Amino acid sequence: MSPSHHFAEIIPLGDSAAVVRFGDSIDLSTHQSVRALYNSLSTSPPRGSLELVPAYATVTVYYDPLKSTFEEIRQDLQRAVELLETLPDSPPETVEIPVCYGGDFGPDLEHVAEFNRLSCDEVIEIHSSPVYLVYMLGFTPGFPYLGGLSERIATPRRTSPRLQIPAGSVGIAGNQTGIYPLQTPGGWQLIGRTPLALFRPDRSPSTILRAGDQVRFRPVKTFSEALDGMQIP
């Protein structure tokens with residue numbers, strides 16, 4: 001584990017939550033610290049804890065103030081942080097996501113290409129080449145914030161958000177890429193769509209992606225091609 005574990009800051013959030021902060025940057029080392037602490041606390045939760053929420057550089061612990069105080073939670077979290085270096089890191093799961101790029105599925109693909117002085121085919125090739133890391137889930141249930149987008153296709157959010165974005169839409173916002181699991185408003189630049197349901201409330205687990213997973217996008221022409229012979233997790 002990274003030495004950055006020793007520099008974790010533990011601060012209160014209101015009167016019923018504590019935040020463990022490993023820094024303020026989005027990088028692999030910080031993510032590994034967040035993931036290790038989240039896994040550790042999931043196995044051995046602090047006294048009175050109710051919910052754990054991992055993010056880019058933090059893990060927030062919500063607790064029952066009638067069962068524990070911030071100082072008691074802080075002590076439990078400090079001990080957990082100090083033990084992280086002895087915990088083995090489990091290998092990530094790699095999930096392939098088929099994507100229909102452009103057209104009605106990706107109405108902003110041409111804008112992303114023009115903004116970066118590339119062709120649409122080049123944007124598709126660049127976007128589908130890396131293996132991305134799921135840093136966190138948030139915004140809506142199952143929405144993955146993915147790290148690893150090439151700066152060559154980084155594009156600012158839309159100045160005017162859309163009121164409805166179809167479920168499965170793949171978007172770019174700055175140097176991030178992600179997938180909308182539900183139909184919601186949003187301001188990301190839409191470059192494609194996947195037929196996979198990322199959020200399935202009738203199943204357990206309800207999301208096919210978790211923080212720490214890896215994602216690879218596979219360009220396809222049609223939804224039929226995307227699902228042909230594919231084993232959906």
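Going by the structure above, here's the rest.
Residues numbered from 1 in each chain as written. Predicted model: local features only at pLDDT ≥ 70, side-chain atom pairs only at ≥ 80, totals over all residues. Heavy atoms only, no water.

Visitor: Go over the pairing of strand E7 (residues 144-147) with me, naming the residues and quoting the values.
Guide: Neither face of E7 is left uncovered, since the one carrying Pro144 and Leu146 and the one carrying Tyr145 and Gly147 both have all their residues buried. Here strand E6 (residues 132-137) pairs with E7 via four bridges, running antiparallel. Residue pairing for E7: Leu133 is matched across the bridge by Gly147. Between E6 and E7, which pair antiparallel one after the other, the connecting turn spans six residues, and Phe139 there sits at a positive phi close to 70°. Judged from the two bridges that link them, E7 and strand E10 (residues 176-179) form a sheet pairing that is antiparallel. Its bridge partner being in E10, Tyr145 is matched across the sheet by Gly178. (Buried < 20%, exposed > 50% of the residue type's maximum accessible area, 1.4 Å probe, protein only. Helix = DSSP H or I, 4+ residues; strand = E, 2+ residues; numbered from the N terminus. Pairing = 2+ DSSP bridges.)

Visitor: Which residues make up the side chain of Thr58, and what values go with them?
Guide: Residue placement: Thr58 occurs in strand E4 (residues 58-63). By relative accessible area, Thr58 is classed as buried at 10%. Discounting chain neighbours no more than four positions away, the residues touching Thr58 are Val19, Val20, Arg21, Val34 and Val53. (Contact = heavy atoms within 4.5 Å.)

Visitor: Could you give an account of the packing of aromatic side chains, with specific residues and numbers?
Guide: Within this structure, the stated rule accounts for eight aromatic pairs. Judged by centre distance (5.0 Å) and plane angle (50°), the rings of Phe143 and Tyr145 are tilted. Note on Phe143: relative accessible area 0%, which makes it buried. Among the residues examined, Tyr145 registers a relative accessible area of 15% and is labelled buried. Seen in terms of ring centroids, Phe143 and Trp188 are 5.3 Å apart; in terms of plane orientation they differ by 75°. Their pairing is edge-to-face. Of this pair, Phe143 sits in the loop between E6 and E7 while Trp188 sits in the loop between strand E11 (184-186) and strand E12 (189-193), and the two are 45 residues apart along the sequence. Among the aromatic residues, those joined into a ring-pair cluster are Tyr56, Tyr135, Phe143, Tyr145, Tyr180 and Trp188. (Phe/Tyr/Trp six-rings, centres within 6.5 Å; stacked < 30°, edge-to-face > 60°.)

Visitor: Go over helix H2 (residues 70-82), please, and point to the residues and values.
Guide: With 13 residues, H2 extends 18 Å from end C-alpha to end C-alpha; this agrees with the ideal 18 Å at 1.5 Å per step. By the burial criterion, the buried members of H2 are Ile73, Asp76, Leu77, Ala80 and Val81. Down the axis of H2, the buried set is contained in an arc of 135°. They therefore lie on one face. Structurally, H2 contributes buried residues whose contacts are with strand E1 (9-12), strand E2 (17-21), helix H1 (28-43) and E4. (Expected span 1.5 Å × (residues − 1). Arc of directions from axis to C-beta.)

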